[in-house]
Amino acid sequence: MILHVSASSADQTVLSVGVDPNFQIYLCLGQSNMEGNATPEACDRVGVNPRFVSMNVFDDEKAGWHKFQWRTAVPPLVAPQTGLTPADYFGRRMVDFLPEEVRVGVVMAAVGGASIDLFDKRLYSDYLKKQPDWMKNFARRYDGNPYACLIAAAREAMKQGVIKGILFHQGETNTADPTWPARVKTVYDDILADLGLQAVDVPLLMGEVVQTDQGGHCGSHNAIIDDIAKTIPTAHVISSKDCPQRGDGLHFTAEGYRILGKRYADVMLQLLGAPKQMHASAKKGSLAENAIEGNEFPRIDAQHRAYFRLHAPEARDVKVDICGKKYPMLRDSNGEWYGVTDPLVVGFHYYVFNVDGVSVTDPACDTYFGCHRLMSGLDVPEGDEGNYYHPQQGVAQGQVRSCTYFAASQGKFRRAMVYTPAEYERNKSKRYPVLYLQHGMGEDETGWSHQGHMNHILDNLIATGECVPMIVVMESGDVKAPFVPKGGATPDASRNGYGASFYQVLNDDLIPMIDKTFRTKTDRESRAMAGLSWGGFQSFNTVLTHLDRFAYLGTFSGAIFGVDVKTCHNGVFADADRFNKQMKYMFMGCGTEENFGTGKMVNDLKALGINVTYYESKGTAHEWLTWRRCLRQFVPHLFKK
């Protein structure tokens, strides 16, 4: 995820030769919560972007740490014996949103249980003399002077990058001390002066302690922290609301540190202008065709990056989940979350927002039934080559209507979507051939008209004379719910039973209803069936066992596995001459980027002498763009004498 955010302030002092302005450095100090008091979990030790680094501020021979050496920021960051800190997920989130050329480095000095006095260069020595041995041992890592050690490391870091901010988490030991803000200011001012920095360029990010309603023993101190800007105008408070604590009333859990760290980052990114920059970048793109009228998002830029916005002021963490990847979103001061993806391939993509672990649809975008539930959907435009599935000026538009019918075989009402060509309403005497068109697993009867734009594909092809006017019927196929293997059944039997209830409905209820309700041609040579994925499997099974009813067959990425073409369906392909006379047109298509075995099956069928057309959609996978293209190739061959 890349935002074009300025990496350095316009007011920054002229940089020394060798200093990389795109290397952002953050100083981190405090007591045990900054030191890290939760054991890192497996997820915390993997996936750390090498653009996020940590400086060792002291030597540790056993751990292989060398003083002033940078390393990828895999926890622990402060000392080999410490745990997860807010800095871990601060850095991770920063590099998620900053440009690829920007690196983020943290320089850390923290001591559990320490008063603010330990970081005051005037008071630290006398303070430390009065402390127990365990604290003296912690401070000994820093040669007994954490502040001086931090400054020395910061000076080394400044030879390579630019200090952009200070992360501070301390206060438990100074709970309810009214002089604490002034004492923090002394330390902050000392850091700036000793490093030659200006407060306007280096804000102070101050984290709250465990909240009282979370069982925090020092929660009353948050009232003092929350007023810190009265003493330090360039200070910004990081909320610890809803950050879970580990049960001691003082320290956060690993999840609490993750949440807190991301909040530190979100505030810093706001100070860097990231949400505004994201919004500005998004405005350079165009509104997605799937956006609900009146909304500004989602948007797509010229590089096919998608931009999203969600109003969720109470949310702690928001991601957009699209194309198998979750992209973190960034919150602005008004509770608006912004997110941007990597460049996406053209075509239709399902997506959802993940808000604090719960998947929800985008209220600014149209919804589609897919993946067994309602999903948001985004079309990344192809350009002019995609005109065939969009309405065109001057082309008469057919209708897609919802038809409720009673299926006696199941004793219940069902729904089918039925497309009729534009001329159907004008020519009241003409009868039409019928294509039964099935969707895939986890979608429903609206899929082909909603996601697939089949009506526009047919309208455009009919207008150019490439295909004959026809009726198209789309039904749920009983595959909306997830596939669940049946206990005791073999894998093949269990799989073949998925959606099998539709076969009787199709033959006994749906076809008779369509022939009774619409002006159809009812001979087998006027009836076709095709489907995508599992709908292709259903079409394969239906047509090959009912050649008395169907003369055309199409499978688009058909989920047809483990089939012996020599013996399947009572040897339907065994007599190629007979089959070829019965089957007017057989089509099998797929995308070049999927591996459904379609090409091999076509070769096996051709080896038997079966006439079958094979089509590959270039550059597409198991997705709607593949199936739109397949439909575009298939229907011109139907019902032509």
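The rules we used
- Residues numbered from 1 in each chain as written.
- Predicted model: local features only at pLDDT ≥ 70, side-chain atom pairs only at ≥ 80, totals over all residues.
- Heavy atoms only, no water.
- Buried < 20%, exposed > 50% of the residue type's maximum accessible area, 1.4 Å probe, protein only.
- Helix = DSSP H or I, 4+ residues; strand = E, 2+ residues; numbered from the N terminus.
- Arc of directions from axis to C-beta.
- Pairing = 2+ DSSP bridges.
- Axes fitted to C-alpha atoms, helices over the stretch in contact; angles between N-to-C directions.
- Contact = heavy atoms within 4.5 Å.
- Core = buried A, V, L, I, M, F, W, Y, C linked by side-chain atoms within 4.5 Å.
- Disulfide = S-S within 2.5 Å.
- Salt bridge = Lys/Arg side-chain N within 4 Å of Asp/Glu carboxyl O.
- Polar contact = N/O pair within 3.5 Å; in protein donor to acceptor, adjacent residues only side chain to side chain.
- Left-handed = near helix turned anticlockwise from the far one by under 90°.

Quick look at helix α17 (residues 598–607)
- Inspection of α17 places Thr598, Met601, Val602 and Leu605 among the buried residues, and these make up the whole buried set. One side of α17 holds all its buried residues, which, seen down the axis, span an arc of 100°. In α17, the exposed positions that point more than 90 degrees away from the buried face belong to Lys600, Asn603 and Ala607.
- A positive phi of about 95° marks Gly609, the residue just after α17.

Overview of the sheet that holds strand β26 (residues 613–617)
- Spatially, β19-β20-β22-β21-β23-β24-β25-β26 is the arrangement adopted by the 8 strands of the open sheet, whose pairing is mixed. In this open sheet, the two strands that pair with only one neighbour each are β19 (399–407) and β26. Along the sheet, successive strands turn relative to each other by an average axial angle of 20°, direction set aside.
- In terms of strand pairing, strand β24 (residues 552–556) meets strand β25 (residues 585–591) through 5 bridges, oriented parallel. Bridge pairing in β25 links Phe556 to Gly589.
- In the packing of α17 onto the sheet, the strands contacted are β25 and β26, and the crossing angle to β25 comes to about 150°.
- Contacting β21 (434–438), β23 (527–532), β24, β25 and β26, helix α18 (residues 624–634) crosses the sheet at an angle of about 155° to β25.

Some remarks on the nonpolar core
- Counting residues in hydrophobic clusters, the biggest one holds 97 residues, and the most contacted among them are Phe90, Met94 and Val107.
- Of all the elements, helix α8 (residues 254–271) adds the most residues to this core, at 9 residues.
- Phe90 has contacts with Tyr26, Val104, Val106, Leu167, Gly261, Lys262, Tyr264, Ala265 and Met268, leaving out every residue within four places of it along the chain.

Describing the state of the cysteines
- Throughout the structure, instances matching the rule amount to 0 disulfides.
- Not engaged in a disulfide, the cysteine Cys568 finds its nearest cysteine sulfur in Cys590; these two sulfurs lie 18 Å apart.
- Judged by relative accessible area, which is 11%, Cys568 ranks as buried.
- Cys590 carries a free sulfur, and the closest cysteine sulfur to it, the one in Cys630, is 7.2 Å from it.
- The buried category is assigned to Cys590, whose relative accessible area is 6%.

A closer look at the pairing of strand β12 (residues 325–328)
- As defined by bridge partners, strand β11 (residues 318–322) adjoins β12 across 4 bridges and the pair is classed as antiparallel. When the bridges of β12 are listed, Asp321 appears paired with Lys326.
- The hairpin formed by β11 and β12 contains 2 residues between the paired strands, and Cys323 there has a positive phi angle of roughly 55°.

Things to note about the pairing of β11
- Side-chain alternation along β11 places Val318, Val320 and Ile322 on a buried face and Lys319 and Asp321 on a face that remains uncovered.
- Pairing of β11 with strand β15 (residues 347–355) involves 5 bridges; the strand directions are antiparallel. Opposite Val318, over in β15, you have Val355 as the bridge partner.

A word on the pattern of salt bridges
- Summed over all chains, the structure comprises 38 salt bridges.
- Between Lys230 and Asp227 there is a salt bridge, with its nearest N and O atoms 3.8 Å apart.
- Classification of Asp227 as partly exposed rests on a relative accessible area of 38%.
- Glu255 serves as the salt-bridge partner of Arg258, at 3.0 Å between the closest nitrogen and oxygen. One end of the pair is Arg258 and the other is Glu255, both in helix α8 and 3 residues apart, which spans about a single turn.
- Overall, Arg258 belongs to the buried group, its relative accessible area being 9%.
- For Glu255, a relative accessible area of 35% puts it in the partly exposed group.
- Sharing partners across several salt bridges, the network here consists of Arg93, Lys262, Asp266, Asp317 and Lys319.

With respect to the side chain of Asp44
- For Asp44, the position within the fold is in the loop between α1 (32–35) and β2 (52–55).
- Overall, the relative accessible area of 0% leaves Asp44 in the buried class.
- Among the polar contacts made by the side chain of Asp44, one reaches the main-chain amide nitrogen of Glu41 at a distance of 2.7 Å.

Here's the deal with the packing of helix α5 (residues 146–157) against helix α6 (residues 180–195)
- The geometry of α5 relative to α6 is characterised by a closest axis approach of 10 Å and an angle of 35° between their N-to-C directions. Between α5 and α6 lies a crossing of right-handed hand. Counted together, Tyr147, Ile151, Ala154 and Arg155 of α5 and Val187, Asp190, Ile191, Asp194 and Leu195 of α6 form the full contact between these two elements.

Some details on the environment of Lys430
- With respect to the element layout, Lys430 can be found in the loop between β20 (412–420) and β21.
- Residue classification places Lys430 among the partly exposed residues on the basis of a relative accessible area of 31%.
- In this structure the C-alpha to C-alpha distance between Lys430 and Lys521, which are 91 residues apart in sequence, comes to 9.4 Å.
- When sequence neighbours within four positions are dropped, the list of residues in contact with Lys430 reads Glu423, Pro469 and Arg519.
- A polar atom in the side chain of Lys430 sits 2.8 Å from the side chain of Glu423.

A short note on the sheet that holds strand β4 (residues 103–110)
- Strand order across the open sheet formed by 7 strands is β3-β2-β4-β1-β5-β6-β7, with mixed pairing between neighbours. Here the strands that pair on one side only, and so sit at the sheet edges, are β3 (70–72) and β7 (235–238). Taking the axes of each pair of neighbouring strands and ignoring which way they run, one obtains an average angle of 30° across the sheet.
- Where strand β5 (residues 162–169) meets strand β6 (residues 204–207), 3 bridges bridge the pair, whose relative direction is parallel. By the bridge assignment, Phe168 is partnered in β6 with Met206.
- Contacting β1 (23–30), β2, β4 and β5, helix α2 (residues 86–97) crosses the sheet at an angle of about 170° to β4.

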